[in-house]
Amino acid sequence: MDKSVIDISNSQLLLTYTFVIIAMIITTINGINRNKEFIISSIRMTVQLFIAGYVLVYIFDKSSIILSALMILLMEFFGVYNIVSNKKKRLNNKIIFIITISQLIGTIFVLIFFLLIVVRPDPFYDPQYLIPLGGMIIGNAMTGIDLALNQILNAIDSKRVNIEGALMLGATPRMAMDKIIQESFDTAIIPTINKIKNIGIITLPGMMSGQILSGISPLVAIKYQIAIMTAILSAVTISVFLFLRLGYKKFFNKQYQLIRNEE
């Protein structure tokens, strides 16, 4: 397996936007006007990826621990930003802080363990390993926290009377929120579990496919994929657990009363 990957010319790349046009036609036929979103998303994706590509080329050439760390922190920042910006209601600063801390602890711990104990690149901050692995771990942890946050916000809106009733009967915030926390945790980790179950039978994930396309033996690619998926599962679980265990308290004031998100 020593074949080099086939490069895609700019003209060939332009042809792939035919798929976007097909998607636009299908949605239009079905009476759904998403053409603007398709166009904006495609342009944004293209610009962002080319910028990221040039930045990564520079970082890979320099192989600097400072540049690699800054790239990881930038990913963490945008991960938190995407969680917060997707919400219809503005989140209070305490919740945002918990989201940030939960994601940082869950992802950095798993990433450091993965690099130092499992892969062991030399140097350990080799951007060829640190950045793509960090991106996958952070991205999945972000999704997990986002799902948990959506679930807990929806539950508080729909079950506010039940929660306040439990508090009036003497329940602590933890007791009143226990079932909601459990359901939110389950909602957040189920997609990752399903993804792991289906790998190798229904899907060949992006990391594995990319390595195979670059000429790496499928057996080596499989080992990396197993390793990164277990790391992702751990990062999602830790991040979501921390967010729910620490975050639910921020929905209550000192008098154990539910507060509005903006407070």
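None of these values were measured; they are calculated from a predicted model.

Conventions adopted
Residues numbered from 1 in each chain as written. Predicted model: local features only at pLDDT ≥ 70, side-chain atom pairs only at ≥ 80, totals over all residues. Heavy atoms only, no water. Helix = DSSP H or I, 4+ residues; strand = E, 2+ residues; numbered from the N terminus. Buried < 20%, exposed > 50% of the residue type's maximum accessible area, 1.4 Å probe, protein only. Contact = heavy atoms within 4.5 Å. Areas by Shrake-Rupley, 256 points an atom, 1.4 Å probe, with all protein chains shown as cover. Lys, Arg positive; Asp, Glu negative; His and termini not counted. Charge placed at Lys NZ, Arg CZ, Asp CG, Glu CD. Phe/Tyr/Trp six-rings, centres within 6.5 Å; stacked < 30°, edge-to-face > 60°. Lys NZ or Arg CZ within 6 Å of the ring centre and 35° of its normal. Axes fitted to C-alpha atoms, helices over the stretch in contact; angles between N-to-C directions. Parallel < 35°, antiparallel > 145°, perpendicular 65-115°, else oblique. Left-handed = near helix turned anticlockwise from the far one by under 90°. Domains from an automatic or database assignment. UniProt positions renumbered as here; feature names shortened; annotations may be inferred. Expected span 1.5 Å × (residues − 1).

## Examining the overall build of the protein chain
- Broken down by element type, the protein chain carries ten helices and zero strands.
- The secondary structure elements of the protein chain, listed N-terminal to C-terminal, are α-α-α-α-α-α-α-α-α-α.
- C-alpha extents for the protein chain along the principal axes are approximately 70 × 55 × 35 Å.
- Residues classed as buried in the protein chain amount to 32% of the 263 residues present.
- The contacts of the protein chain with a sequence gap of at least 6 include a subset with a gap of at least 24, amounting to 74%.
- Carbon and sulfur atoms make up 66% of the accessible area of the protein chain, which totals about 16400 Å².
- Here the protein chain contributes 23 positively and 15 negatively charged side chains, and the mean placements of these two sets differ by 6 Å.

## Let's talk about the environment of D186
- By the element assignment, D186 lies in helix α8 (residues 173–198).
- Spatially, the C-alpha atoms of D186 and G144 are 9.9 Å apart, while their sequence positions differ by 42 residues.

## Quick notes on the packing of aromatic side chains
- Tallying each qualifying case throughout the model produces four aromatic pairs.
- Between F77 and F78, the ring centres sit 5.2 Å apart and the planes meet at 75 degrees, which makes this aromatic pair edge-to-face.
- With a centroid separation of 6.4 Å and 15 degrees between ring planes, the pair formed by F77 and Y81 is classed as stacked. On the criterion of helical spacing, the pair formed by F77 and Y81 is a turn pair, its members being four residues apart in helix α4 (residues 65–85).
- Through pairs of rings, three or more aromatic residues link up here, namely F77, F78 and Y81.
- R174 extends its terminal NZ or CZ atom over the ring of Y248, reaching a point 5.8 Å from the ring centre.

## Description of the packing of helix α2 (residues 18–29) against helix α3 (residues 35–62)
- At a minimum axis distance of 9 Å, the contact between α2 and α3 shows a crossing angle of 165 degrees. It follows from the interaxial angle that α2 and α3 lie roughly antiparallel. For the crossing formed where α2 meets α3, the hand is right-handed. Seen from α2, the contacting residues are V20, A23, M24, T27 and T28; seen from α3, they are N35, F38, I39 and S42.

## Regarding the domain arrangement of the protein chain
- Its domain assignment divides the protein chain into domain 1 (1–62) and domain 2 (64–250).
- A straight line from the C-alpha centre of domain 1 to that of domain 2 covers 25 Å.

## Observations concerning the environment of G200
- Structurally, G200 can be placed in the loop between α8 and α9 (206–213).
- Of the residues examined, G200 reaches a relative accessible area of 54% and is grouped as exposed.
- In this structure, the C-alpha to C-alpha distance between G200 and L56, residues 144 residues apart in sequence, is 29 Å.

## A short note on the UniProt feature "transmembrane region" (unreviewed entry) in the protein chain
- Under the present numbering, the feature "transmembrane region" (unreviewed entry) in UniProt falls on residues 12–32, 39–59, 65–84, 96–117, 129–149, 199–220 and 226–248.
- Between the C-alpha atoms that bound residues 39–59 there is a distance of 30 Å. The span itself is 100% helix and 0% strand.
- Counting secondary structure, residues 226–248 comes out at 96% helix and 0% strand; the distance between its end C-alpha atoms is 33 Å.

## A word on the side chain of T107
- Mapped onto the secondary structure, T107 falls in helix α5 (residues 93–119).
- The exposure class of T107 is buried, given its relative accessible area of 0%.
- Residues within four places of T107 in sequence aside, it is in contact with E76, I137, I138, A141 and S239.

## Let's talk about α5
- With 27 residues, α5 ought to run about 39 Å at 1.5 Å a step, and its terminal C-alpha atoms sit 37 Å apart, in line with that.
- What α5 keeps buried is the set I95, I98, I99, S102, Q103, G106, T107, V110, L111, F114, L115 and V119.
- Looking at the buried positions of α5, the neighbouring elements they touch are α4, α6 (127–158) and α10 (218–247).
- Remark: R120 follows α5 within two positions and exhibits a positive phi of approximately 60 degrees.

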